[in-house]
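One-letter residues, chain by chain:
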Amino acid sequence: MKIMGLWTVCGLLIVFFFGCSNSSLYGEEFEVRNEPPVTYKYDRVDEVKKACASVLSSASEFQPDDNRVYSIKKELPFVNGDWEQDAGGSPLMPYVVGKTWDNSSDFQTPMNLVSFWVTDVDTTRRLKKSVSVSGLLTLGITLENSFVGKTYGSQFQLWPGNSMLTVSFQGIYTESKEKNGERVMCLLGTTMLPSRETESSDPWAWLQASGHSFDQLPLSEDDQILLVLRYPKKFTLTRREVKGEMKSLNPKSNPKYFDEVHISSQLNAVYEFSSEKIVAKACDPYPFKDSFMDDGIDIYKDTEFCAIIRKFSQEGAFTVVPNWRCNRTDEYCSKLGPFVTDKEIKATDGGFQEVILFMQNVDCEEKTARDNTYSARVSAVFRAVPPSEYSYTSAQRSGLNNMTLPAEGIWRSSSGQLCMVGCVGSMDAEGSGCNSRICLYIPQSFSIKQRSIIVGTVSSISKDDNSYFPLSFEKLVQPSEMWDLNHFMSSHLHYQYTKLDSAGSILEKYEPFSFANVIKKSLLTFPKLEDAESSRVSLSLLSEDLTLHVSAIPDPLPRLLVPRIDIQMEIVSLGSLFGRHWSNGSSIEEEIPYHAKTEYTEKQLLLNVSAQLMITGKAYKNFSVIFVEGLYDPHVGKMYLVGCRDVRASWKILFESMDLEAGLDCLIEVIVSYPPTTAQWLMNPTARISITSNRKEDDPLFFSTIKFQTLPIMYRKQRESILSRRGVEGFLRILTLSVVIACIVSQLLYIRDNVDSVPCISLVMLGVQVLGYSLPLVTDAEALFKKASDSYETPSYELDRNQWFHVIDYTVKLLVLVSFLLTLRLCQKVWKSRIRLLTRAPLEPTRVPSDKWVFITTLIIHVIGYIIILIIHAAQTSEKFRTERYVDSNGNFHVQRQWETELEEYLGLVQDFFLLPQVIGNFVWQIHSKPLRKLYFIGITIVRLLPHFYDYIRAPVSNPYFSEEYEFVNPNMDFYSKFGDIAIPVTAFFLAVIVYIQQRWNYEKLSRALTFGKRRLLPLGSATYQRLPSKSFEAELASGVNENITHVKEHEGEELS
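Predicted model, so just to flag it, every value in this text is computed and none were measured.

> Please explain the overall build of the chain as it appears in this structure.
Each helix and strand counted, the chain has 29 helices and 33 strands in total. Taken across its 1057 residues, the chain has 50% of its residues classed as buried. Total accessible area on the chain is roughly 52600 Å²; 56% of this is exposed by carbon and sulfur atoms.

Take a look at the structure:
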């Protein structure tokens, strides 16, 4: 029986294992199988007939060959439509104001969204004019969520920022010939409605009651809900809207009654291009002559138009261009094209800051004519979104309102223009409301003023001249997206340099002749062209080195901690290269290997460059994107650039600024300085960026000069090479720790032959060193060169997997452990020698050196020093000590207490002054011997000071975002600043000199030397710490009787070993 039970358990475990495996491997099927089983009951047929009598009266009979009934579940559902309720005093649901997921207050406008699904079609109950159907409707008020997934069960959910009601319906589907043919569903629903207060002016007063819970809401069941949805039979420009009404069948006196709800969405079916006459209103004759066709920009005219328009319309929103050319009334110039805007958009005063435009539901059909020209028919919906709406959810909305512009049009390769007619508001079959013209282009040439892959305008075709100013929009793309276009375009994209003369003037302005530049050019090298398979590959490699993706700090660094700033500088073109080029060996074109010349003239070295500079930070919204173009000088590693930024101001300011170029402020100078590729471990490998306005200070578009210093960067070859700063400092740690071990071993050998002086070695001094070696073993910090460590470098995959760094790390840890054990051995010998000395003179314990007062004095000195450091730091930063949360380079959160950080940093100073206890002990004990070997205390002092010398000759690394990079050392502290790198070595050297003098002269000589007249700096020597005759006491301790001196020496040697 036990065996059978065991096999049963094993079998169950196997079944469980495979069951779990199958559920994870086939996740989608598992979810489908586990949808809640629902049995659809059509038990309200009579009620449906009564409530839907008007719908049934206008219904037509189904045709025998009509299969539309079988497409109901596919074509009639919709998601994220719009709904609004009549203002009759009986609201449907409450809404609690909330914030977005990241606690941002930028998105404050809630959206009324509704989704509907047909869950069942009962063809067995099909009649001549109707068929029974079931459905599920979810509607709610949300700040950022979308209703794309079904929520089964009739329920109401409420939490801050979201209200959601789910209603289950059953009813009938019919078709009508009214209004050129409609498909109608009439349904009765059941749900749990939130209860309203009848005796209060606030229907949701229970939300204000103390102790209410969102998990236990007052609900009441209601089955008297009527929903009527009307769908057009054909999906065209003017017949695409789904309209619906949901109302309560309860009397108004019933607390479950609610005001009527109106629903709007779009049909989910195949679009039919049948609006040629309406399109001709806007696009005949074709093409329409607008300003863009005269700008001299190359336009795409090839076969992949539909693929490009689909791809980039789905990848983010269009940017709305300010009305910078408008010069009429404020009302006219503040309009957002044909869209009926609210106060929020009007408040932008024609600048349209953060107003975006989505191109939704793109249908594109391509055709090829006999003359090998290409054409396409395109349908889409343009949706304008105000700044306060959550754009991600807005992009999924399907309702039609005054902020949407359904459009249809044509594109022909002869001109490259997509001309469309747009309709706002209610539409009839004749398109009387279609009074807008949309012209859209795909440029394939770029410049500093043209960085968009899609550009377009919306203009009025109405006879009313005061309708609105033409609205321009564009789809800005990242450089990487520009390069992806080469997959679609047979003719390559190209860049047109237009600001090289201005960039040359900036170069002459900021790079005058100087001996410093001559020395810099001769001794240092910067990113430049190198030998490669071809010139395009060489340019591409240099472009990679010049690209920046790094955090930055203001230059100079302010005293207060600044919010994080991220810098992204993407190289768009370099020389003749647009984008990047990688050789795959399959190119038909034979490329000539490129060899960099050893000698160049100044003009030959200068390279044309264009880039896109993006600055992420709350204080730099007006500089979020700057397009730059100019010259790169590899002599000095500097870019001299002209910058153009998108200005967001009122239309009046923009119009009065007559020097705008394509609506951009191009009176900007940008200087980018790169660190050298050589001597990276001696120089701070950070880039510097300066952005200056050439406008006058009274100009509304003027801004003060902005300067950034990036965190350290690494070039391509430096990432691949082991000889980075991390590797160099690893070898320095190994070298210095080896020297420390040699010094400790020499001290152990020294005390073996100088037994009398061993008790005068300070245990506090040794304890400081033990602490210094133990902390790295416990906290995984570095023992030496911590302040010069390369933790600021973001290690690449190649560096992480490089075995040399693992070998260096393990070697350093091994040497730290050896130093720790040898120092403990030294402590043990000193301790034993004092015990032996105390045993010889048990009645005179004061004659044995004690570290009590040495420890107390050292502790007092360091506590006072630590307090002084805290006071100085608080006074200089004008901040009280606080607790902060920060994120380390691995993304982990830490709590940082200011006083703890200062204490950890002060420990490094305590280790540097490790000789201080010995100096104090020598004065207290009035020594007449040489307890420390010169090689020991001078050698370790030099080793402790080497990191300061190293840090002084190299540039400091500032990283305010990752405080853990300096576990014991903070370069912002006074004693780890440049001044500290001088003051600390001088003080440590002074302590070593004092120890040397104390051991070279005995206490009496030193006291006489420090006597000036009748004043004596040191007290007279006493017999307190006079050494007893060692040999007689050693003989007495070893045997207890008078034995020969030889036996005594042998016993002493055994104890010291």
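> So what exactly am I meant to see when it comes to the sheet that holds strand 16 (residues 436-441) here?
Strand pairing in a sheet relies on backbone hydrogen bonds. The paired strands run either parallel or antiparallel. Read once around its circumference, the closed barrel built from 8 strands follows the order 11-12-13-14-15-16-18-19, with strand pairing classed as antiparallel. When strand polarity is set aside, the average angle formed by the axes of neighbouring strands in this sheet is 25 degrees. The pairing of strand 12 (residues 356-368) with strand 13 (residues 374-385) spans 11 bridges and is classified as antiparallel. What sits directly across from Leu357, in strand 13, is Ala384. Lying over the sheet, helix 6 (residues 276-283) contacts strand 13, strand 14 (404-412), strand 15 (418-422) and strand 16, oriented at roughly 110 degrees with respect to strand 15. Most of the contacts of helix 7 (residues 305-314) go to strand 12, to which it runs at about 165 degrees, and overall it touches strand 12, strand 13, strand 14, strand 15, strand 16, strand 18 (452-460) and strand 19 (471-476).

> Is there a simple way to explain the pairing of strand 9 (residues 241-248) in this structure?
Every other side chain in a regular strand lies on the same face of the sheet, so the side chains alternate between the two faces. Every second residue of strand 9 is oriented toward a common face, the buried set being Val242, Gly244, Met246 and Ser248 and the non-buried set Glu241, Lys243, Glu245 and Lys247. Where strand 8 (residues 219-232) meets strand 9, 6 bridges bridge the pair, whose relative direction is antiparallel. Bridged to Leu229 within strand 9 is Gly244. Here strand 9 runs beside strand 10 (residues 261-266); their pairing, made up of 6 bridges, is antiparallel. Note that in strand 10 the partner of Met246 across the bridge is Val261.

> Help me understand the packing of aromatic side chains in this model?
The description of two aromatic rings rests on the distance between their centres and on the angle between their planes. Applying the stated criterion to the full structure yields 14 aromatic pairs. Taking 6.3 Å as the distance between ring centres and 85 degrees as the angle between the ring planes, the aromatic pair formed by Trp204 and Trp206 counts as edge-to-face. When the ring of Phe235 is compared with that of Tyr271, the centres are 5.3 Å apart and the planes differ by 75 degrees; the resulting orientation is edge-to-face. Placement of Phe235 in the loop between strand 8 and strand 9 and of Tyr271 in the loop between strand 10 and helix 6 is noted, with a sequence separation of 36 residues between them. Look at Phe235 and you get buried, because its relative accessible area is 5%. Overall, Tyr271 belongs to the buried group, its relative accessible area being 4%. Here the aromatic cluster, defined as three or more aromatic residues joined through ring pairs, consists of Phe235, Tyr271 and Phe273. The ring of Phe312 has Lys311 lying over it, and the distance from NZ or CZ to the ring centre is 5.5 Å.

> I keep staring at a nonpolar patch on the surface and nothing clicks. Help me out?
A cluster of nonpolar side chains, contributed by Leu777, Leu814, Leu817, Val818, Leu821 and Leu824, occupies part of the molecular surface with about 470 Å² of accessible area. At 5 residues, helix 21 (residues 803-840) tops the list of elements feeding residues into the nonpolar patch. Residue position: Leu814 is located in helix 21.

> Can you help me understand unusual backbone geometry in this one?
Excluding glycine, residues mostly carry a negative phi; peptide bonds, for their part, are mostly trans. Here the bond from Asp284 into Pro285 is cis, since omega is 5 degrees, no more than 30 degrees from zero. Inspection of the secondary structure puts Pro285 in the loop between helix 6 and helix 7. Here the bond from Tyr286 into Pro287 is cis, since omega is -5 degrees, no more than 30 degrees from zero. In the Ramachandran plot, Asn80 falls in the positive-phi region, its phi being about 55 degrees despite a non-glycine side chain. Tracing the backbone through its elements, the reader meets Asn80 in strand 2 (residues 78-85). In this model, Phe352 sits at a positive phi of 55 degrees, which is unusual for a non-glycine residue. Inspection of the secondary structure assignment puts Phe352 in the loop between helix 9 (343-346) and strand 12. Accessibility expressed as a relative area gives 0% for Phe352, which makes it buried.

> What am I meant to see in the environment of Asp223 here?
Looking at the secondary structure, you find Asp223 in strand 8. The exposure class assigned to Asp223 is partly exposed, which follows from its relative accessible area of 34%. Measuring from C-alpha to C-alpha, the distance between Asp223 and Phe169 comes to 9.3 Å, with 54 residues separating the pair along the chain. The contact partners of Asp223, leaving out residues within four places of it in the chain, are Arg44, Gly189 and Thr190. Side-chain polar atoms of Asp223 contact the side chain of Gln224, separated by 3.3 Å.

> Quick question: what am I supposed to make of the state of the cysteines here?
A disulfide bridge is the covalent bond that connects two cysteines by way of their sulfur atoms. Tallied over the full model, the rule gives 6 disulfides. With its sulfur 1.9 Å from that of its partner, Cys52 forms a disulfide with Cys186. Its torsion about the S-S bond being -85 degrees, the disulfide of Cys52 and Cys186 is classed as left-handed. Linking Cys52 in the loop between helix 3 (45-51) and helix 4 (53-57) with Cys186 in strand 7 (residues 182-194), this pair joins segments that are 134 residues apart in sequence. Across the pair, Cys186 and Cys52 agree in class, each one buried. A sulfur-sulfur distance of 2.0 Å marks the disulfide that ties Cys283 to Cys419.

> For this particular structure, what's the right way to read the side chain of Arg397?
As for its position among the elements, Arg397 is in the loop between helix 10 (391-394) and strand 14. By relative accessible area, Arg397 is classed as buried at 11%. A distance of 3.2 Å separates a polar atom in the side chain of Arg397 from a polar atom in the side chain of Glu389. Once you skip the residues sitting within four places of it in the chain, Arg397 turns out to touch Asn80, Asp82, Met111, Leu113, Gln360, Arg383 and Glu389.

> I'm lost on the pattern of salt bridges in this one. Help?
Side-chain pairs of opposite charge can arise whenever the charged atoms involved come near each other. In this structure the tally under the stated criterion is 21 salt bridges. A salt bridge links Asp665 to Arg645; its shortest N-O distance comes to 3.3 Å. With Asp665 in strand 27 (residues 664-673) and Arg645 in strand 26 (residues 638-646), the pair connects residues that are 20 residues apart, well separated along the chain. Across the pair, Arg645 and Asp665 agree in class, each one buried. The partner of Asp659 in a salt bridge is Arg695, with the nearest N and O atoms 3.0 Å apart. In this pair, Asp659 is assigned in the loop between helix 16 (651-656) and strand 27 and Arg695 in the loop between strand 28 (688-693) and strand 29 (706-710), connecting sequence segments 36 residues apart. According to the relative accessible area criterion, Asp659 is partly exposed, its value standing at 34%. Overlapping salt bridges, with partners in common, bring together Arg645, Asp659, Asp665, Arg695 and Asp699 in one network.

Here is what the cut-offs are and how they apply
Residues numbered from 1 in each chain as written. Predicted model: local features only at pLDDT ≥ 70, side-chain atom pairs only at ≥ 80, totals over all residues. Heavy atoms only, no water. Helix = DSSP H or I, 4+ residues; strand = E, 2+ residues; numbered from the N terminus. Buried < 20%, exposed > 50% of the residue type's maximum accessible area, 1.4 Å probe, protein only. Areas by Shrake-Rupley, 256 points an atom, 1.4 Å probe, with all protein chains shown as cover. Pairing = 2+ DSSP bridges. Axes fitted to C-alpha atoms, helices over the stretch in contact; angles between N-to-C directions. Contact = heavy atoms within 4.5 Å. Phe/Tyr/Trp six-rings, centres within 6.5 Å; stacked < 30°, edge-to-face > 60°. Lys NZ or Arg CZ within 6 Å of the ring centre and 35° of its normal. Patch = residues over 30% accessible without salt bridge, like charges linked within 9 Å, V, L, I, M, F, W, Y side chains within 5 Å. Salt bridge = Lys/Arg side-chain N within 4 Å of Asp/Glu carboxyl O. Polar contact = N/O pair within 3.5 Å; in protein donor to acceptor, adjacent residues only side chain to side chain. Disulfide = S-S within 2.5 Å.

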